[in-house]
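# A closer look at the structure
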Amino acid sequence: MLKPLYGLDRRGLLRAAAAGVVGASLPKGISLAGEPMSAKPVGFGKAKSVLIVLLSGGPSQLDTLDPKPDAPAEVRGEFTPISTTIPGVAVCEHLPKLAQQTDRWAIVRTLAHREHNHLLATHVALTGRPTPLPRGGSDLDRVETRSDFPNYASALDFIRPRGDGMPTGVSLPNYLIEGPLTWPGQHSGFLGAKHDPWQINGDPNDKDFRMQALTMRDGISTGRLQSRRQLLDEMNSGRSRLTGVETESLRDQQALAFGLLTSGKLTQAFEINRESEETRDRYGRNKFGQSLLLSKRMIEAGVPVVQATMGIVQTWDTHVDNWGKLKNTLLPQLDQGLAALTDDLMGTGLLDDTLLIVMGEFGRTPKVTTLPGQTIPGRDHWAHAYSGLFAGAGIMGGQVIGQTDAQAAYPVTNSWSPADLCSTIFNALGVDSGATLNDPLDRPHSLLNGNVISNLYTGASA
């Protein structure tokens, strides 16, 4: 059984046992210590939806949520920290709206894992698992495959299949692809295409943005489409002897397509031009802001898992011109979009049952670096400690969870792995801790394979 473990200390081994074979052999309701377990962990079932805002490429923790103004110049960077609504807590000066809204957010400063490569780090961040097969030294050996573990939306779709024409997961506004490299962790992996999230590739800020795939041709009514579906089903029933992965995948995709085309609710959710000009301006007239607005509309439509990838694969990968990119584009757009998003979710009451997560796949190196051949400095990859934002669905805002050392390089309090994030997400969605997925070799894998980050709900110090 695969276990996404990131340490071999006693606590980590106990966690492994609880998530694996040892835990599975214990009598129901009994912990490893022999003590009765509570019926449900804190935060269980608080969320109807989860919105993951993925800052692909990995933002710097020092230049966003964990500034270290007393560190040496080669560590602290160019930005000045500003105070927040949390006494004694500061964030980057280019996040002024967030600084005034930290009462809504829990800042986790001790997320950590071991993968410093974009592809492997993205897989573990979006699945809670390391890649299941050893990967080679080349990025071409690390690309997306159907052997990968399913991402959060896909796993939920497997556990709770839907039949109402609404997808369990929607990812937007782009797939993470660079040249021949396709980032793993974006689809359903070994569960098959049937459970893939619905992928949107398009800029919601484009004046011509529309979901062509959800638009029926002229003269095709819903009734006529249903008649065509019935005819196709009759034809397929006569071919029941045809089996195989490709045949089943095609039929699954046909069923999904019919469901989406006949779901008027989903079609309307993608019509972002229904929003007022004032609302669109509040989010920011850019791809970042409008993607968050479209994500909000997905949540309103009832999509359980939405992933808004804020940029292409290298957007937050600031090896070069880290401070210029953050100051001039990335942080202002994120700050404006998140403020508008939380304003709207709070105003409609949706934040009460929407778990909102903002994170990258890792952070950046404490030491400022300049790449060979470059003149403008930046920061490199760093997975030992990075920061994330959490809000909604019962989470206590106005708190900081975890503390790093003087250079934001390593946690000095408890760290939280992607496995813990995975368990927190599914616990919030009300998925039982005993839920399992079987891989193609019929090996069971515990879906909740880490510890719920209970501090998010209790406010207890890490």
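To be clear, the structure that these remarks concern was listed above.
Quick look at the structure, then. Just so it is clear, the model here is predicted, and its values are computed rather than measured.

### Let's talk about the packing of aromatic side chains
One pass over the full model with this rule turns up 5 aromatic pairs. Seen in terms of ring centroids, F149 and F190 are 5.4 Å apart; in terms of plane orientation they differ by 85°. Their pairing is edge-to-face. Taken together, the positions of F149 in the loop between helix 5 (118–127) and helix 6 (152–159) and F190 in the loop between strand 7 (181–182) and strand 8 (198–199) put the pair 41 residues apart, joining distant regions of the chain. Take F149 and F190: they sit in the same class, and that class is buried.

### Overview of the nonpolar core
Formed by 49 residues in total, the largest nonpolar core has its most connected members in V53, M298 and W316. Residue contributions to this core peak at 9 residues, all from helix 12 (residues 322–348). Not counting the four nearest positions on each side in its chain, W316 is found in contact with L55, S56, G57, G58, P59, F288, M310, L326, L330, L331, L334 and R364. Counting residues in each nonpolar core, the second largest holds 47 residues, with L119, L181, A428 and V431 among its members.

### Here's the deal with the pattern of salt bridges
Summed over all chains, the structure comprises 19 salt bridges. Across the salt bridge formed by K48 and D353, the nearest N and O atoms sit 3.7 Å from each other. With K48 in the loop between helix 2 (21–25) and strand 1 (49–54) and D353 in the loop between helix 12 and strand 10 (354–359), the pair connects residues that are 305 residues apart, well separated along the chain. Residue classification places D353 among the buried positions, given a relative accessible area of 19%. For R142, the salt bridge identified is with D139, shortest N-O distance 3.4 Å. By sharing partners, the salt bridges in this structure join E275, K296, R297 and E300 into a single network.

### Quick word on the side chain of E361
Take E361: it is sitting in the loop between strand 10 and strand 11 (363–364). Reaching out from E361, the side chain makes a polar contact with the side chain of H118 at a distance of 2.9 Å.

### What about unusual backbone geometry?
Backbone torsion omega between L172 and P173 reads -5°, so that peptide bond is classified as cis. Within the fold, P173 resides in the loop between strand 5 (169–172) and strand 6 (177–178). Positive phi, normally seen in glycine, also occurs at A408, with a value near 55°. For A408, the location among the structural elements is in the loop between strand 14 (399–401) and helix 13 (418–428). By relative accessible area, A408 is classed as buried at 0%. Residue D442 is not a glycine yet carries a positive backbone phi of 65°.

Analysis parameters
Residues numbered from 1 in each chain as written. Predicted model: local features only at pLDDT ≥ 70, side-chain atom pairs only at ≥ 80, totals over all residues. Heavy atoms only, no water. Phe/Tyr/Trp six-rings, centres within 6.5 Å; stacked < 30°, edge-to-face > 60°. Helix = DSSP H or I, 4+ residues; strand = E, 2+ residues; numbered from the N terminus. Buried < 20%, exposed > 50% of the residue type's maximum accessible area, 1.4 Å probe, protein only. Core = buried A, V, L, I, M, F, W, Y, C linked by side-chain atoms within 4.5 Å. Contact = heavy atoms within 4.5 Å. Salt bridge = Lys/Arg side-chain N within 4 Å of Asp/Glu carboxyl O. Polar contact = N/O pair within 3.5 Å; in protein donor to acceptor, adjacent residues only side chain to side chain.

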